[in-house]
Amino acid sequence: MTDTSPDTAPDPAAGADLGAFLDAALDLAAERGWLAVTAGEVTARCGVEARVLGGVGPFRARLLARLVERIDADMTAGLDDDARDPALPVRDRLFEALMARLDVLARRRDGMAAVLRGVPLDPPSALAAIPLLGRSMARVLSAIGESPRPPFGPLKVKGLSWVWLITLRAWLGDDSPDMAVTMKALDSALARAEEAANSLLPGARRAPPASPPPAQ
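The sections below set out a description of the structure shown in this document. (Residues numbered from 1 in each chain as written. Predicted model: local features only at pLDDT ≥ 70, side-chain atom pairs only at ≥ 80, totals over all residues. Heavy atoms only, no water.)

Some thoughts on the nonpolar core
Part 1 of the reasoning: Ranked by internal contacts, the top residues of the largest apolar core, which has 54 residues, are Val37 and Leu63.
Part 2 of the reasoning: Going through the elements one at a time, α1 (12-32), α3 (59-78), α5 (90-106), α6 (109-118), α7 (123-143), α8 (153-172) and α9 (180-200) are the ones with two or more residues in this core.
Part 3 of the reasoning: In terms of residues, this core owes the most to one element, α3, which gives nine residues.
Part 4 of the reasoning: The contacts of valine 37, once residues within four sequence positions are left out, are Ala25, Leu28, Ala29, Val42, Phe59, Arg60 and Leu63. (Core = buried A, V, L, I, M, F, W, Y, C linked by side-chain atoms within 4.5 Å. Buried < 20%, exposed > 50% of the residue type's maximum accessible area, 1.4 Å probe, protein only. Helix = DSSP H or I, 4+ residues; strand = E, 2+ residues; numbered from the N terminus. Contact = heavy atoms within 4.5 Å.)

Examining unusual backbone geometry
Part 1 of the reasoning: Residues proline 150 and proline 151 are joined by a peptide bond in cis, for which omega reads 10°.
Part 2 of the reasoning: Structurally, the position occupied by proline 151 is in the loop between α7 and α8.

Some thoughts on the layout of surface pockets
Part 1 of the reasoning: Within this model, the largest pocket holds a volume of roughly 600 Å³.
Part 2 of the reasoning: Lining the largest pocket are 24 residues, and of these Leu116, Ala129, Leu133, Leu165 and Leu168 lie nearest its centre.
Part 3 of the reasoning: Among the elements of the structure, α3, α5, α6, α7 and α8 are those that each provide at least two residues to the lining of the largest pocket.
Part 4 of the reasoning: Looking at the lining of the largest pocket, the element that brings in the most residues is α7, giving seven residues. (1 Å grid on protein atoms, 1.4 Å probe; cavity = no way out; pocket = protein on both sides within 12 Å on 5 of 7 lines; lining within 4 Å. Points joined across faces, edges and corners; volume = space filled by probe spheres on them.)

Side note on the packing of α6 against α8
Part 1 of the reasoning: The interhelical angle for the contact between α6 and α8, taken along N-to-C directions, is 125°, at an axis separation of 11 Å. Considered as vectors, α6 and α8 are oriented oblique to each other. In the crossing of α6 with α8, the sense of the turn from one axis to the other is left-handed. Contact residues: Arg109, Met112, Ala113, Leu116 and Arg117 in α6; Leu168, Trp171 and Leu172 in α8. (Axes fitted to C-alpha atoms, helices over the stretch in contact; angles between N-to-C directions. Parallel < 35°, antiparallel > 145°, perpendicular 65-115°, else oblique. Left-handed = near helix turned anticlockwise from the far one by under 90°.)

What about the pattern of salt bridges?
Part 1 of the reasoning: Summed over all chains, the structure comprises 14 salt bridges.
Part 2 of the reasoning: Aspartate 27 serves as the salt-bridge partner of arginine 108, at 2.4 Å between the closest nitrogen and oxygen. Taken together, the positions of arginine 108 in the loop between α5 and α6 and aspartate 27 in helix α1 put the pair 81 residues apart, joining distant regions of the chain.
Part 3 of the reasoning: Judged by relative accessible area, which is 27%, arginine 108 ranks as partly exposed.
Part 4 of the reasoning: Between arginine 32 and glutamate 41 there is a salt bridge, with the nearest N and O atoms lying 3.3 Å from each other.
Part 5 of the reasoning: Given a relative accessible area of 47%, arginine 32 falls into the partly exposed group.
Part 6 of the reasoning: A residue is classified by how much of its surface remains accessible, and glutamate 41, at 30% relative accessible area, is partly exposed.
Part 7 of the reasoning: Beyond isolated ion pairs, a larger network of salt bridges with shared partners links Asp23, Asp27, Arg70 and Arg108. (Salt bridge = Lys/Arg side-chain N within 4 Å of Asp/Glu carboxyl O.)

Some points on the packing of aromatic side chains
Part 1 of the reasoning: As enumerated under the stated definition, the model contains one aromatic pair in all.
Part 2 of the reasoning: Plain terms: the ring middles of phenylalanine 21 and phenylalanine 59 are 6.1 Å apart, the flat faces sit at 80° to each other, and that makes the pair edge-to-face. Taken together, the residues phenylalanine 21 in helix α1 and phenylalanine 59 in helix α3 connect sequence positions 38 residues apart.
Part 3 of the reasoning: One Lys or Arg, arginine 101, reaches over the ring of tryptophan 164 and ends 5.2 Å from the middle of that ring.
Part 4 of the reasoning: The side chain of arginine 109 reaches across the aromatic face of tryptophan 171, ending 4.3 Å from its centre. (Phe/Tyr/Trp six-rings, centres within 6.5 Å; stacked < 30°, edge-to-face > 60°. Lys NZ or Arg CZ within 6 Å of the ring centre and 35° of its normal.)

Looking at the environment of tryptophan 171
Part 1 of the reasoning: Tracing the backbone through its elements, the reader meets tryptophan 171 in helix α8.
Part 2 of the reasoning: Using a relative accessible area of 0% as the deciding quantity, one classes tryptophan 171 as buried.
Part 3 of the reasoning: Taking the C-alpha atoms as reference points, tryptophan 171 and alanine 185, separated by 14 residues in sequence, lie 8.7 Å from one another.

Comments concerning a negative patch on the surface
Part 1 of the reasoning: Judged by side-chain charge, Asp80, Asp81, Asp82 and Asp92 come together as a negatively charged surface patch.
Part 2 of the reasoning: Topologically, aspartate 82 is positioned in helix α4 (residues 81-84). (Patch = residues over 30% accessible without salt bridge, like charges linked within 9 Å, V, L, I, M, F, W, Y side chains within 5 Å. Areas by Shrake-Rupley, 256 points an atom, 1.4 Å probe, with all protein chains shown as cover. Lys, Arg positive; Asp, Glu negative; His and termini not counted. Charge placed at Lys NZ, Arg CZ, Asp CG, Glu CD.)

Okay, structure coming up:
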């Protein structure tokens, strides 16, 4: 079992090997599709064994988990001050954070698009994707200073997961140079999620206006 205690220093070589393996896997996915990504094929390209992924279970499910973890880390590292500013509305901070996440995907767009299209067709990957999505959206909330914990955090995570899936669908079909289509879809989805949250979360509903005084 790998030692993950806090006093264990990370191995730079292991991190580099993992990065090389993930990049090779994305290159292969871009060329031949997610279902063609096998441990042997990736190792043949980069010279790194699949054990660098760690964990147990089907190969592509473990690969997907490491890819998502890298996206989460790169998104967090790339957030600007606006995304972390508690003075700004939550919706604005979420917009900044999810756009930062899309920027990470865009670095290897062809490979990531192949992954997103292929995962629903691969049962082990599709099953793994469900909890991975929830964990990623919880990390987005934490990154902007919002709690993903109960009592209301899980509801926020579910709503944000829906927003992210809607946005990804737009991103996959968006060939505009400035991602205008994607940004419009994200803004619209956030607006709808905000409206739903305002109707569901305690204290969000406005009191009905007082009746006017009777005419004298």
